[in-house]
Amino acid sequence: MQVGLIGAGNMARALARGWADPVLVSDSGSGRAAALAAELGGEALPSAQVAQRADLVVLCHKPAQLHDVAREVAGKARAVASILAATSSSVLHEAYPDAPVFRLTPNTPVEMRCVHRDPATPNGAAGSELEADVLALFARLGAVVKLPERLMDAAGPTPLSGTESMLRPPQSLWWGRWRAALRCSRRGATTRSPFAER
């Protein structure tokens, strides 16, 4: 599967290095795409060309850029995987109505080799070979845990504020909150996630 990354920031580089395969990659002019392509043997291209040539486009840009990027990429992408923080599946489906869209939340969990995924995939992708390929790709980075949409943001990185944002929370704190979110998921609870209690 040829992967195309839209964005070449920290998360895009972490994913690409984890896969250790040549990738197609674009950026907004920072030069990081060219550096990443040189490191992994891929190509730095404009976003539209990445979408045309990739089997799977992975959205690694800032969430605020979603609609600008979609104007350039939608209609060209065969399939889309998003790692955009706090961007719901419904918003992604609106931006990419003609492509199967997969929502994943790697961020801090990627460092612990774990990826969360929303089980809802549109356009007939659920249970398809494409879904299996996308899950296998991200499973190369670590465990892929299926979560309901309502727990996706809660299971991601712990939001911090003030001076806490300068410090990385201990892994035990993160794992404790993540396990609590999974327990809520397994019980089908509708109570607030422990991640939101800050």
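My aim in this report is to walk through the structure given alongside it, one point at a time. (Residues numbered from 1 in each chain as written. Predicted model: local features only at pLDDT ≥ 70, side-chain atom pairs only at ≥ 80, totals over all residues. Heavy atoms only, no water.)

1. Focus on helix α7 (residues 129-139)
Where α7 is concerned, the buried positions are E131, V134, L135, L137 and F138. Along the long axis of α7, the arc covered by the buried residues comes to 155°, so they all point the same way. For α7, the side-chain oxygen to backbone nitrogen distance between the N-cap and L130 is 3.4 Å, and the N-cap itself is S128. (Buried < 20%, exposed > 50% of the residue type's maximum accessible area, 1.4 Å probe, protein only. Helix = DSSP H or I, 4+ residues; strand = E, 2+ residues; numbered from the N terminus. Arc of directions from axis to C-beta. Polar contact = N/O pair within 3.5 Å; in protein donor to acceptor, adjacent residues only side chain to side chain.)

2. Section: the nonpolar core
L5, L15, W19, V25, L56, V58 and F138 are the most contacted members of the largest nonpolar core, which has 26 residues in total. Of all the elements in the fold, those that place two or more residues in this core are β1 (3-6), α1 (10-19), α2 (32-40), β4 (56-59), β6 (101-105) and α7. (Core = buried A, V, L, I, M, F, W, Y, C linked by side-chain atoms within 4.5 Å.)

3. Describing the packing of α1 against α2
In the contact formed by α1 and α2, the axes pass within 11 Å of each other and the chain directions differ by 10°. With respect to α2, the axis of α1 lies roughly parallel. For the pair α1 and α2, the contacting residues are A12, R13, A16 and R17 in the first and R32, L36, E39 and L40 in the second. Taken together, the residues of the contact of α1 with α2 break down into four nonpolar, no polar and four charged. (Axes fitted to C-alpha atoms, helices over the stretch in contact; angles between N-to-C directions. Parallel < 35°, antiparallel > 145°, perpendicular 65-115°, else oblique. Contact = heavy atoms within 4.5 Å. Nonpolar A, V, L, I, M, F, W, Y, C, P; charged D, E, K, R; others polar.)

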